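# A closer look at the structure
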Amino acid sequence: MRVEIVTDPDHGGRWTSLKAGGREWLWHRDAPERGRVRPGDGFVDAGGLEECLPTVRGTPDHGDAWSRPWSVAQDTEWVDCERFTLARAIRTTDRGAEVDYILCADPGFRFVWAAHALLDLSEHATLHAPRDAPTRLFPEAAPSLSGPWPAGAPWLEGSWPAPRGLALDRFGPDDGTAVGAVVDTAHCCVHDGPDRLALALEADGQPTSVALWRNLGGFPAPAPYRSTGVEPMLGRVFDLADAGDGDAACVPATGEVHWRLTVTARCPCP
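Please read all numbers here as calculations on a predicted model, not as lab measurements.

Bringing the packing of aromatic side chains into the picture now. As enumerated under the stated definition, the model contains eleven aromatic pairs in all. Judged by centre distance (5.2 Å) and plane angle (10°), the ring pair of Tyr-101 and Trp-259 falls under stacked. Within this pair, whereas Tyr-101 is found in strand β8 (residues 96-104), its partner Trp-259 is found in strand β20 (residues 256-264), the two being separated by 158 residues in sequence. Both residues of the pair, Tyr-101 and Trp-259, count as buried. Relative to Phe-219, the ring of Trp-213 lies with its centre 5.6 Å away and its plane at 90°, an arrangement referred to as edge-to-face.

Rendered as structure tokens:
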């Protein structure tokens, strides 16, 4: 099935449209201030898919690439940041679409990257990932857990689809909660009625994962709204500052990291 991707290089390289299987998958929010951001500004949530790097949470907020204009030459788009250059090339295939990334930086540069995709999903949508995959829950999940959150813990670990007893595979109706999680897997599939969206990462020698942002009207204060994200990642934490050994991608001696994101409307679930 055909997959069509539209981006906005002038405004952070944001994906403004992702059509697959005959539907638009990206959620959008009216945020006119998004067009006026500058490097170092706080994140402006306009929906779509943002390229977050070298962190998602922390400083700079949602990374350094989303707030800068990107350059374009033929089929390649790229952004020059203070410590790295990120380039991507999007192409359609018989399977769907492939997005090839190259990050250039000094050897030893550590980073987290996320394809921060906010999806337009019904309350009946489900997320499918390998059963028992290690899953990290982050502190905003504390009110949804039966026990207390350990003081100072950056995350708690459990197993997909219900780490620490909190079922995460169904998005569900608005209930005033917001939960962030990172699943140790390189692929996942979203089911929404008859529609399917499959996401898969390939990155030799780098940690891959899928982040889930299930905000059912619990964030941000004082005017929360619903937003649901499924985000392929390099790394296993939202905030690079929390990354231990193996929790972040790292630039090798070549000075380059290569990875591929594959998007299809065909369900690979068993």
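Next comes the rest of the description.
This paragraph deals with the state of the cysteines. The tally for this structure, following the rule as stated, stands at zero disulfides. We note that Cys-52 lacks a disulfide partner, and the nearest cysteine sulfur, in Cys-81, lies 12 Å from it. Judged by its relative accessible area of 0%, Cys-52 is buried. Summary of cysteine pairing: Cys-188 is not part of a disulfide, and the nearest cysteine sulfur, belonging to Cys-189, is at 7.4 Å.

For sheets, the rule is that strands pair by backbone hydrogen bonds, running either parallel or antiparallel. Ordered by their spatial adjacency, eight strands build an open sheet running β5-β6-β7-β8-β20-β16-β15-β11, and the pairing between neighbours is antiparallel. The sheet terminates laterally at β5 (71-73) and β11 (126-128), the two strands that pair on one side only. Within the sheet, the average angular offset between the axes of one strand and its neighbour, ignoring direction, is 20°. Of the pairings in the sheet, the one linking β8 to β20 comprises nine bridges and is antiparallel in character. From the neighbouring strand, Asp-100 faces β20, where its bridge partner is Arg-260.

Among the nonpolar cores identified, the biggest contains 60 residues, and Leu-103, Phe-111 and Trp-259 are the most heavily contacted of them. Every residue in contact with Phe-111, bar those within four places of it in the chain, is listed here: Leu-53, Pro-54, Leu-103, Leu-234, Leu-240, Ala-248, Ala-249, Cys-250, Val-251, Val-257 and Trp-259. Of all hydrophobic cores here, the second largest spans 13 residues; its members include Val-112, Ala-114, Phe-138 and Ala-248.

Our focus in this paragraph is the pattern of salt bridges. According to the stated counting rule, one finds 15 salt bridges in the structure shown. Salt-bridge contacts for Asp-195 lead to Arg-23; the nearest nitrogen and oxygen are separated by 3.3 Å. Residue Asp-195 is found in strand β16 (residues 195-202), and its partner Arg-23 is found in strand β3 (residues 23-24); the two are separated by 172 residues along the sequence. Under the relative-accessibility criterion, Asp-195 is labelled partly exposed at 22%. You can call Arg-23 buried: its relative accessible area is 16%. With its nearest N and O atoms 3.2 Å apart, the salt bridge here joins Asp-64 to Arg-68. The pair formed by Asp-64 and Arg-68 is uniform in burial state, with each residue classed as buried. Salt bridges linked by common partners bring Arg-91, Glu-98, Asp-100 and Arg-260 together as one network.

This part takes up the side chain of His-116. Relative to the assigned elements, His-116 resides in strand β10 (residues 113-119). At a separation of 3.5 Å, a polar atom in the side chain of His-116 contacts the side chain of His-62. If sequence neighbours within four positions are ignored, His-116 has contacts with Phe-43, Gly-48, Leu-49, Glu-50, Cys-52, Val-56, His-62 and Glu-231.

Analysis parameters
- Residues numbered from 1 in each chain as written.
- Predicted model: local features only at pLDDT ≥ 70, side-chain atom pairs only at ≥ 80, totals over all residues.
- Heavy atoms only, no water.
- Phe/Tyr/Trp six-rings, centres within 6.5 Å; stacked < 30°, edge-to-face > 60°.
- Helix = DSSP H or I, 4+ residues; strand = E, 2+ residues; numbered from the N terminus.
- Buried < 20%, exposed > 50% of the residue type's maximum accessible area, 1.4 Å probe, protein only.
- Disulfide = S-S within 2.5 Å.
- Pairing = 2+ DSSP bridges.
- Axes fitted to C-alpha atoms, helices over the stretch in contact; angles between N-to-C directions.
- Core = buried A, V, L, I, M, F, W, Y, C linked by side-chain atoms within 4.5 Å.
- Contact = heavy atoms within 4.5 Å.
- Salt bridge = Lys/Arg side-chain N within 4 Å of Asp/Glu carboxyl O.
- Polar contact = N/O pair within 3.5 Å; in protein donor to acceptor, adjacent residues only side chain to side chain.

Coordinates in, geometry out; function isn't part of it.
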